[in-house]
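Residues per chain, in single letters:
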Amino acid sequence: MHGVVGYSPGVFDLFHVGHLDLLRRAADRCDRLVAGVLTDELAAELHGARPIVPLIERMEIVRNVRYVAEVVAVAEPGLRGARESVGFARLFTGTPDGPAAERAEAELAGTGVAVVNFAGLAETASPVLRGALESGPRTSVA
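Reading guide: rules and limits
Within every chain, residues take consecutive numbers counted from 1 along the sequence as written. Thresholds applied to this predicted model are a pLDDT of at least 70 for local features of residues and 80 or more for the giving and counting of side-chain atom pairs; totals over whole chains, interfaces and linings are not thresholded and use all residues. By convention in this description, side-chain values take in all heavy atoms of the structure and omit both hydrogens and water. Put simply, DSSP marks the helices as runs of H or I at least four residues long and the strands as runs of E at least two long, and each gets a number from the N terminus on. Per-residue accessibility, obtained with a 1.4 Å probe over protein chains only, is compared with the maximum for each type, and a residue is labelled buried under 20%, exposed over 50%, and partly exposed between these values. Contact between two residues is taken to exist if any of their heavy atoms lie within 4.5 Å; hydrogens are not considered. In these tables, accessible area is a Shrake-Rupley quantity obtained with a 1.4 Å probe, and a residue counts as shielded only by the protein chains included in the view. The definition of a right-handed crossover adopted here requires that, viewed with the strands pointing away, the path from the first strand over the helix to the second runs clockwise. The definition of a nonpolar core used throughout is a set of buried Ala, Val, Leu, Ile, Met, Phe, Trp, Tyr and Cys residues joined through side-chain atoms within 4.5 Å. Basic side-chain nitrogens of Lys or Arg form a salt bridge, by our definition, when they fall within 4 Å of a carboxyl oxygen of Asp or Glu. As used here, the arc belongs to the directions running from the helix axis to the C-beta atoms. The aromatic pairing rule takes the rings of Phe, Tyr and Trp, using the six-membered ring of Trp, and pairs them if the centres are within 6.5 Å, calling planes under 30 degrees apart stacked, those over 60 edge-to-face and the rest tilted.

Participant: Looking at this structure, I do not really get the overall build of the chain. What am I missing?
Facilitator: Summing up its helical and strand segments, the chain has six helices and five strands in all. Every one of the 142 residues in the chain was classed for burial, and the buried ones make up 38%. The long-range fraction of contacts in the chain, counting pairs at least 24 apart against all pairs at least 6 apart in sequence, stands at 75%. Of the roughly 8200 Å² of accessible surface on the chain, a fraction of 54% belongs to carbon and sulfur atoms.

What follows is the structure, given as structure tokens:
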């Protein structure tokens, strides 16, 4: 038995300190943390843009974070399938969108899974990085 299994799904594109902060906090609240990395196709379907970094590379990056015990690819939307395959008791998210956590709670209602949404993660976030890339290069800092 692995104790309390936690699960944190995400795209994990352009891995940054916000991702690291989420995984560290999640690992502190479970015995074994599984990270679900969304496939390129699912990320595009759910977020409207394909990741910049390919799935295999994103999985390798997340796999090497010391807080993560296992990494799985996520090809299907929804949390119940992941719940059945991973067997998690806690779902960890760091979305600033409160309704996203509420949707997760509604989807997992009756399963006994606790949904934990972390507020105040490190400020660097994927939309900020993606926006910087789309707006073009800035002058470098010496």
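Participant: Mind showing me how you'd approach the pairing of strand β1 (residues 5-10) here?
Facilitator: On a regular strand, each side chain points to the face opposite its neighbour's, so the side chains alternate between the two faces of the sheet. Most of β1 sits out of view: five of its six residues are buried. Tracing the backbone out of β1, into helix α1 (residues 17-28) and back to the parallel element strand β2 (residues 32-38) gives a crossover that is right-handed.

Participant: Looking at this structure, how should I read the nonpolar core?
Facilitator: One recurring pattern in soluble globular proteins: nonpolar side chains tend to sit buried together. Among the nonpolar cores identified, the biggest contains 18 residues, and Y7, L38, L79, F88, L91, L108 and V115 are the most heavily contacted of them. Only β1, β2, α2 (40-47), β3 (70-74) and α5 (98-107) provide two or more residues apiece to this core. Residues in contact with F88, not counting those within four places in the same chain, are V5, G6, Y7, L79, A82, R83, L108 and V113. In terms of nonpolar packing, the next biggest core, distinct from the first, is built from 17 residues, F12, A27, V37 and V71 among them.

Participant: Any chance you could explain the pattern of salt bridges here in plain terms?
Facilitator: Pairing between side chains of opposite charge can happen when their charged atoms approach one another. All chains considered together, the criterion is met by seven salt bridges. In this structure, the salt-bridge partner of D21 is R25, at a minimum N-O distance of 3.4 Å. Taken together, the residues D21 and R25, both in helix α1 and four residues apart, mark about one turn of the helix. The same class applies to D21 as to R25, namely buried.

Participant: Would you explain helix α3 (residues 55-63) in this entry?
Facilitator: Turn by turn, an α-helix covers 3.6 residues, leaving residues three or four places apart pointing in a common direction. L55, R58, M59 and V62 are the residues of α3 that are buried. The buried residues of α3 occupy an angular sector of 100° when the element is viewed end-on, so they sit on one face. Looking at the buried positions of α3, the neighbouring elements they touch are α1, β2, α2 and β3.

Participant: Explain the packing of aromatic side chains to me, please; I cannot follow it from the model alone.
Facilitator: Within a pair of aromatic rings, the relevant descriptors are the distance that separates the centres and the angle that separates the planes. A full pass over the atoms with the stated rule returns two aromatic pairs. Ring centres of Y7 and F88 lie 4.7 Å apart, and the angle between their planes is 15°; this geometry places the pair in the stacked category. In this pair, Y7 is assigned in strand β1 and F88 in the loop between α4 (80-86) and β4 (90-93), connecting sequence segments 81 residues apart. You can call F88 buried: its relative accessible area is 0%. Taken together, a centroid distance of 5.8 Å and an interplanar angle of 5° make the contact between F92 and F118 stacked. Separated by 26 residues along the polypeptide, F92 in strand β4 and F118 in the loop between β5 (114-117) and α6 (126-134) bring together distant segments of the chain. Exposure class is identical for F92 and F118. Each is buried.

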